[in-house]
Amino acid sequence: MLYALTKAAHLISLFVWVGGMTAVAIALRHPAILHMAPLKRYDRAVTTPAMLLALLFGILLGVQGGWFTSGWLGAKIVVVLVLAGLHGVLVGKLRHAVNAKAKPAAADSSPILAIGGVCLSVIVLLASLKPF
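Residues numbered from 1 in each chain as written. Predicted model: local features only at pLDDT ≥ 70, side-chain atom pairs only at ≥ 80, totals over all residues. Heavy atoms only, no water.

Trainee: Please give an account of the packing of helix 1 (residues 2-29) against helix 4 (residues 110-129) that cites residues and values.
Mentor: Relative orientation of the contacting elements helix 1 and helix 4 amounts to 160°, with a least axis distance of 9 Å. Considering their axes alone, helix 1 and helix 4 lie roughly antiparallel with respect to each other. Classified by chirality, the crossing of helix 4 by helix 1 is left-handed. Together, L14, V18, T22, A25 and R29 of helix 1 and S110, L113 and L120 of helix 4 make up the contact between the two elements. Across the contact of helix 1 with helix 4, the residue classes break down as 5 nonpolar, 2 polar and 1 charged. (Axes fitted to C-alpha atoms, helices over the stretch in contact; angles between N-to-C directions. Helix = DSSP H or I, 4+ residues; strand = E, 2+ residues; numbered from the N terminus. Parallel < 35°, antiparallel > 145°, perpendicular 65-115°, else oblique. Left-handed = near helix turned anticlockwise from the far one by under 90°. Contact = heavy atoms within 4.5 Å. Nonpolar A, V, L, I, M, F, W, Y, C, P; charged D, E, K, R; others polar.)

Put into structure tokens, the structure is as follows:
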């Protein structure tokens, strides 16, 4: 039961984290100065804590499942760190947009969305199939 609750908490925090990242990436493509500051506050209050919770619950799942010696989990951790790095890039671009004196220029976040989508797909495959 504890494992199932931890897994649910891990997935919920992951969905909130990735949803927030997606919102920032889309907002950066079509910037509106009025939306940037509230989005930055949302990221700081919701998205970033969700990322930290997803990492924490993921560690708890690894401990509960005894998977820290598994190759698939090592690979998943690397991909999760890439996803966290992408979040950092988005937050940096968002901070720059908020601090802009004039209307912020559109930022091409398409590569970040694409890389994030690939990361999520790899994470799901590794967690579901546990191939090695």
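Trainee: So what about the packing of helix 2 (residues 33-65) against helix 3 (residues 71-99)? Which residues, and what values?
Mentor: It is the contact of helix 2 with helix 3, at a shortest axis distance of 10 Å, that shows an interaxial angle of 165°. If you check the angle between helix 2 and helix 3, you find them roughly antiparallel. In the crossing of helix 2 with helix 3, the sense of the turn from one axis to the other is left-handed. The residues of helix 3 that touch helix 2, namely those facing I33, M36, A37, L39, K40, D43, T47, T48, M51, L55 and G62, are L73, V80, A84, H87, V91, L94, R95, A97 and V98. Each residue belonging to the contact of helix 2 with helix 3 can be placed in one class, and the counts come to 13 nonpolar, 4 polar and 3 charged.

Trainee: An account of the environment of P31 is needed here, citing residue identities and associated values.
Mentor: With respect to the helices, strands and loops of the structure, P31 is situated in the loop between helix 1 and helix 2. Using a relative accessible area of 11% as the deciding quantity, one classes P31 as buried. (Buried < 20%, exposed > 50% of the residue type's maximum accessible area, 1.4 Å probe, protein only.)

Trainee: I'd like to hear about the side chain of T6, residue by residue, with values.
Mentor: Summarising the element assignment, T6 is placed in helix 1. Polar side-chain contacts of T6 include one of 2.8 Å to the backbone oxygen of L2. Side-chain polar atoms of T6 contact the side chain of Q64, separated by 3.3 Å. Not counting residues within four places of it along the chain, the set of residues in contact with T6 comprises F57, L60, L61 and Q64. (Polar contact = N/O pair within 3.5 Å; in protein donor to acceptor, adjacent residues only side chain to side chain.)

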